Amino acid sequence: MNAFREISSKISAVKLQNRVIALFALVMMTIPLGIGPYPISAMVDVGLYSIVTIGIILLMGFAGQISIGHAAFFGIGAYTSAILTTHYQFSPWLALFLGAALSGGIAAAIGRAMFRLHGLMLAGITLALNLVFYHLVCSMIGLTGGAMGLINIPPLILGGFNFSRSFLTYYMVWIIAIVILGFSLNLADSQVGRTLRSMNTHAGGSENAAQVLGINVNSYKVQILVLSAVYASIAGSIYAHHARVVEPGTFFIPFSVMVVIMALLGGLRSPWGAFLGAGLMIGVREFLWEVMPVFVTGVTGAYELIAYGVILILALLFLPRGLISLFGRAFTKRRATV
Amino acid sequence: MDFPNALQIFISGANLGAIYTALGLGFFVIYSVTRLVNLAQGEFVMLGGMLTVSFYKMGIPLVPSITLAVIISGLAGAGLYRFIIYPARGYSRLTQLLLTVGFVFAIQGVALLIWGWDFRSLPAFFNTPCIQLWGATIFGQTPWVIGATLVMVIGLFFFFGRTIQGKALRACANEPLGARTMGVNIDRMALYSFIMAAGLGAVVGAMITPLTMTSYSMGWSLTIKGVLAAFVGGINRAEGVILGGVALGMMEAAAAGMVPGGYHNVIAPGILIVVLLLRPHGILAIPGRVE
């Protein structure tokens, strides 16, 4: 009877979660009907950053591994799409899948060696990998256009719709983001998610204990790294077709640090945190760039940077467990199943 | 390769190695006391360079200009610790790391407000002319860069190895509880380490400005160079940072002289990847003391 109750409560929790996802999707799909083109393009940014950040949350919050190098995977996606579609006239969709496969392949190749390191040193090696990617892109001028980047990237096309218009890009980005969210939430609830938490020292688990129980700890870490690399790569490909230009500066350390900030500010406990973190950081950025010039005239950009820094510091100081900690059971209920 | 060419590469390697070392030492000072990697270290370097240029252009002689820049940067370092890191002392290291990133944005904004977008430069210290040596050319600033780095290195060795204050600082990271029972005020020591690192950073900023110029946004790239040097050699030992800095500088200069295009930039992060895979805490690091 007890077991039955447990199972039924679990089923209802899953149902609740699915309803929340459906509601979220409904809200996100109706938003563009009410607002103009400028906020739409900011929302496209939120969606793209969220996709990358979901991967970071799985990697950091569930597998307990840090990366300050995901700009490289974002960049691999963007550059694969850009190079294949401009130099070789590939279909953008095929390029997107090839980019994701390449990112995943690279992540699988480096993951096993990389995860011999922990904590700070893992952060260091991912940072170095990001630097290697950046400088290679800057140097391979024939292929990547070097520091000038690549231009005239074709937009994504689906059934005659041309995704260069920001409304259509918005829908595509957010549909993909929500599909990825649903997949990640299910993964977090599955046997994989429980295994990951059991080996994550930050979530009260123990790597040694997991290993003693026969869990191949390294293989799980690598799998999550591959998944997060694929997410980042998909976002990168969409970004390339959306912006129509790529240049190496986008794929440098500040991007990698920003997605970690978004993950932490949103909350590492649940993939939902990605949307909160990305929404907060992009929202603050857009708000400041829009509102600050009204109040202060002077050097453009300076007051925005100061305010941005101060808000980031305050958010981290007062919400160390992320925005998700402000929300109720629907978002964080999987704590109870650990 | 002929001799003048090799000598030229060696000299620029020594110069680059000194810069890498000097940048890395700032990370070592804070890490060895607080176990924190301060991603705002490059901003102190930027601040030091900018302030020195400003004071120098006001007509203040060079040495007092640098001194003022060091004092102001030191105060900024104290502010970073007291108002941002100290309130978060119980938080995870990652949160503290990202708090320093928040400080980076804020300080860049302040710098942009004061100095604008322009690049600024200084003449070589005391207008030292270029030196011709066996067919190689030494830029006038290079001896000053290498000399200042040597002075920093010797000073740090003396301070951490020979003085009771230096030993108290190191004890905070090695044995926090033990240090406390011996009456060491850990928070005070952490504050000192931030002031010291910020001051060292400001000196580095002043000494590299004649070579590289300075602008409000240069901090990130310097932070990355310092992190590479500190991680390659081992962030918890001064010897490690020196070895890492010199090795990276020499290798990068050699690569820049021999490899065409921008590929030499791949050398430094490439070395870090290889080193970390072979020695997971850096070449000279004491294992178990890096987290």
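The text that follows walks through the structure, step by step, so that each part is easy to find. In this numbering scheme, every chain counts its residues from 1 along its sequence in written order. Throughout, the order in which chains and ligands are written sets their labels, letters from A for the former and numbers from 1 for the latter. Given that the model is predicted, a residue must reach a pLDDT of at least 70 before its local features are reported, and side-chain atom pairs must reach 80 or more before they are shown or counted; all residues, however, enter totals for whole chains, interfaces and linings. With hydrogens and water set aside, each side-chain value is computed from the structure's full complement of heavy atoms.

### Examining the overall build of chain A
Runs of H or I in DSSP of at least four residues are treated as helices and runs of E of at least two as strands, each being numbered from the N terminus. Helix and strand counts for chain A stand at 14 helices and 2 strands. Accessibility here uses a 1.4 Å probe with only protein chains present; expressed as a share of the type maximum, an area under 20% marks a residue as buried, one over 50% as exposed, and anything in between as partly exposed. Counting across all 338 residues of chain A, residues that qualify as buried make up 56%. By the convention used here, residues are in contact when the closest approach between their heavy atoms is within 4.5 Å. Looking at chain A alone, contacts between residues at least 24 apart form 78% of all its contacts between residues at least 6 apart. Note that accessible areas follow from Shrake-Rupley with a 1.4 Å probe, and for residues the cover is restricted to the protein chains shown. As displayed, chain A has an accessible area near 14100 Å², and 69% of this comes from carbon and sulfur atoms.

### Details of the overall build of chain B
Scanning chain B for helices and strands turns up 11 helices and 2 strands. Listing each helix as α and each strand as β along chain B from the N terminus yields α-α-α-α-β-β-α-α-α-α-α-α-α. Scaling as 2.2 N^0.38, a compact globule of 291 residues should have a C-alpha radius of gyration of about 19 Å, and chain B matches this with 19 Å. Projected onto its principal axes, the C-alpha coordinates of chain B cover approximately 60 × 50 × 35 Å. Looking at chain B as a whole, 55% of its 291 residues are labelled buried. Partitioning the intrachain contacts of chain B with sequence separation of at least 6 by distance along the chain shows that 75% fall at a separation of at least 24. For chain B, the exposed surface amounts to about 11900 Å²; the carbon and sulfur share of it is 69%. Each radius of gyration is computed over the set of C-alpha atoms, and the globule rule expresses the reference value as 2.2 Å times the number of residues to the power 0.38.

### Digging into empty space enclosed by the protein
To find leftover empty space, one rolls a probe the size of a water molecule over the atoms. All names here are of chain B. A pocket here means an open set of points on a 1 Å grid, computed over the protein atoms alone, that has protein on both sides within 12 Å along at least five of seven lines. A cavity is instead a set of points where a 1.4 Å probe fits but cannot get out; residues with an atom within 4 Å of a point line either one. Grid points are joined across faces, edges and corners, and a volume is the space filled by probe spheres set on the points. This model, assessed by the stated rule, comprises 1 cavity of 30 Å³ or more. Its volume calculated, the largest cavity comes out at about 50 Å³. Taken together, 13 residues make up the lining of the largest cavity; nearest its centre are Ala 22, Leu 23, Gln 41, Val 45 and Gly 201. Mapped onto the lining of the largest cavity, the elements with two or more residues apiece are α1 (3-34), α2 (41-57), α8 (186-212) and α9 (219-233). Basically, the charged four are Asp, Glu, Lys and Arg, the nonpolar ten are Ala, Val, Leu, Ile, Met, Phe, Trp, Tyr, Cys and Pro, and anything else, Gly included, counts as polar. For the lining of the largest cavity, the residue count by class is 8 nonpolar, 5 polar and no charged.

### Here we look at the packing of α2(B) against α9(B)
Residues and elements named next belong to chain B. The axes are straight lines fitted to the C-alpha atoms, using for helices just the contacting stretch, and the angles between their N-to-C directions are given from 0 to 180°. Running from N to C, α2 and α9 point in directions that differ by 125°, and their axes come no closer than 7 Å. Judged by the angle between their axes, α2 and α9 are oblique. Pair α2 / α9 crosses with right-handed handedness. Counting all contacts with α2, which are made through Gln 41, Gly 42, Glu 43, Val 45 and Met 46, the residues of α9 involved are Gly 219, Trp 220, Leu 222 and Thr 223. Angle categories: roughly parallel below 35 degrees, roughly antiparallel above 145, roughly perpendicular from 65 to 115, and oblique for all the rest. Two helices that cross are described as forming a left-handed crossing if the nearer one is turned anticlockwise from the farther one by less than a right angle, and a right-handed crossing if clockwise.

### A word on the packing of aromatic side chains
Two rings from Phe, Tyr or Trp (for Trp, the six-membered ring) form a pair when their centres sit within 6.5 Å of each other. Planes less than 30 degrees apart are called stacked, planes more than 60 degrees apart edge-to-face, and all others tilted. Counting across every chain of the model gives 21 aromatic pairs over all chains. Seen from their ring centres, B:Tyr81 and B:Tyr86 are 6.1 Å apart, and the 55° between their planes marks the pair as tilted. Summarising the aromatic geometry, the rings of B:Phe125 and B:Trp144 are spaced 6.2 Å apart at their centres and angled 50° between planes, so their arrangement reads as tilted. Of the two residues, B:Phe125 is situated in the loop between α4 (93-115) and β1 (131-133) and B:Trp144 in helix α5 (residues 142-162); the sequence distance between them amounts to 19 residues. B:Phe125 sits in the buried class, given a relative accessible area of 8%. Take B:Trp144: its relative accessible area is 35%, and that puts it in the partly exposed class. Aromatic ring contacts, followed pair by pair, group A:Phe24, A:Tyr170, A:Tyr171, A:Trp174, A:Trp272 and A:Phe275 into a single cluster.

### Here we look at the nonpolar core
Ranked by size, the top nonpolar core spans 209 residues in total, and within it A:Trp174, A:Val246, A:Ile253, B:Val37, B:Leu98 and B:Phe231 carry the most contacts. The greatest single-element share of this core, amounting to 16 residues, is contributed by helix α2 (residues 37-62) of chain A. Contacts of A:Val246, omitting those with residues within four sequence positions, involve A:Ala78, A:Tyr79, A:Ala82, A:Met148, A:Gly149, A:Leu150, A:Ile153, A:Tyr239, A:Ala240 and A:Phe251. The nonpolar core is taken to be a set of buried Ala, Val, Leu, Ile, Met, Phe, Trp, Tyr and Cys residues, with the residues joined through side-chain atoms within 4.5 Å.

### A look at the pattern of salt bridges
Residue and element names in this part refer to chain A. Here a salt bridge means any side-chain nitrogen of Lys or Arg lying within 4 Å of a carboxyl oxygen belonging to Asp or Glu. Tallied over the full model, the rule gives 4 salt bridges over all chains. Where Asp 45 meets Arg 285, a salt bridge forms, and the shortest distance between an N and an O atom there is 3.0 Å. Here Asp 45, found in helix α2, pairs with Arg 285, found in helix α12 (residues 272-295); they are 240 residues apart in sequence, far enough to count as distant. The class for Arg 285 is partly exposed, based on a relative accessible area of 24%. A salt bridge links Lys 221 to Glu 207; the shortest N-O distance between them is 3.2 Å. Here Lys 221, found in helix α10 (residues 217-243), pairs with Glu 207, found in helix α9 (residues 207-212); they are 14 residues apart in sequence, far enough to count as distant. Connected through shared salt-bridge partners, Asp 45, Arg 285 and Glu 286 make up one network.

### Topic: the environment of A:Glu286
Residue and element names in this part refer to chain A. Relative to the helices and strands, Glu 286 resides in helix α12. Here Glu 286 falls in the buried class, since its relative accessible area comes to 17%. Expressed as a C-alpha distance, the spacing of Glu 286 and Pro 39, which sit 247 residues apart in the sequence, is 8.5 Å. Setting aside residues up to four positions removed in sequence, Glu 286 forms contacts with Tyr 38 and Ala 42.

### Some thoughts on a nonpolar patch on the surface
On the surface, a cluster of nonpolar side chains totalling about 830 Å² of accessible area is made up of A:Tyr88, A:Phe90, A:Leu94, A:Leu98, A:Leu136, A:Met140, A:Leu143, B:Met258, B:Val259 and B:Tyr263. With respect to the secondary-structure elements, B:Tyr263 resides in the loop between α10 (238-258) and α11 (267-278). Residue class for B:Tyr263 comes out partly exposed when judged on its relative accessible area of 34%. A residue counts toward a patch only above 30% relative accessible area and without a salt bridge, and it is joined to like-charged neighbours within 9 Å or, for Val, Leu, Ile, Met, Phe, Trp and Tyr, to nonpolar neighbours within 5 Å.

### Points about the side chain of B:Ser32
Residues and elements named next belong to chain B. Relative to the helices and strands, Ser 32 resides in helix α1. Polar contacts involving the side chain of Ser 32 include one to the main-chain carbonyl oxygen of Val 29, which spans 3.2 Å. Those residues in contact with Ser 32 that sit more than four places away from it in its chain are Phe 160, Leu 169, Arg 170 and Ala 173. Pairs of N or O atoms within 3.5 Å make up the polar contacts considered here, provided that, within protein, one atom can donate a hydrogen while the other can accept it, and that residues adjacent in sequence are counted only when both atoms are side-chain atoms.

### Brief notes about helix α7 (residues 166-189) of chain A
Multiplying 1.5 Å by the residue count of a helix minus one yields the expected span of that helix. End to end, α7(A) covers 34 Å across 24 residues, agreeing with the expected 34 Å (1.5 Å per residue, within 8%). Burial analysis of α7(A) places 17 of its 24 residues in the buried class, which makes it a mostly covered element.

### A closer look at the interface of chain A and chain B
Listed by partner, the interface residues are 42 residues for chain A and 44 residues for chain B. In this assembly, chain A packs against chain B so that about 3600 Å² is buried in total across both faces, 85% of it on carbon and sulfur atoms. Two parts placed together each lose some accessible area; with a 1.4 Å probe, that loss summed over both constitutes the buried area. Looking at the side of chain A facing chain B, the largest losses of area belong to A:Leu120, A:Met121 and A:Leu317, adding up to 17% of the total buried there. Inspection of the region where chain A meets chain B yields 0 salt bridges. The interface formed by chain A and chain B holds 3 residue pairs in polar contact (both at pLDDT 80 or more) in total. Residue assignment for the side of chain A that touches chain B shows that the elements contributing at least two residues are α4 (92-114), α5 (119-139), α11 (253-266) and α13 (302-318) of chain A. Split into classes, the residues belonging to the side of chain A that touches chain B amount to 35 nonpolar, 6 polar and 1 charged.

Everything listed here is a matter of coordinates, which is why it stays silent on function.
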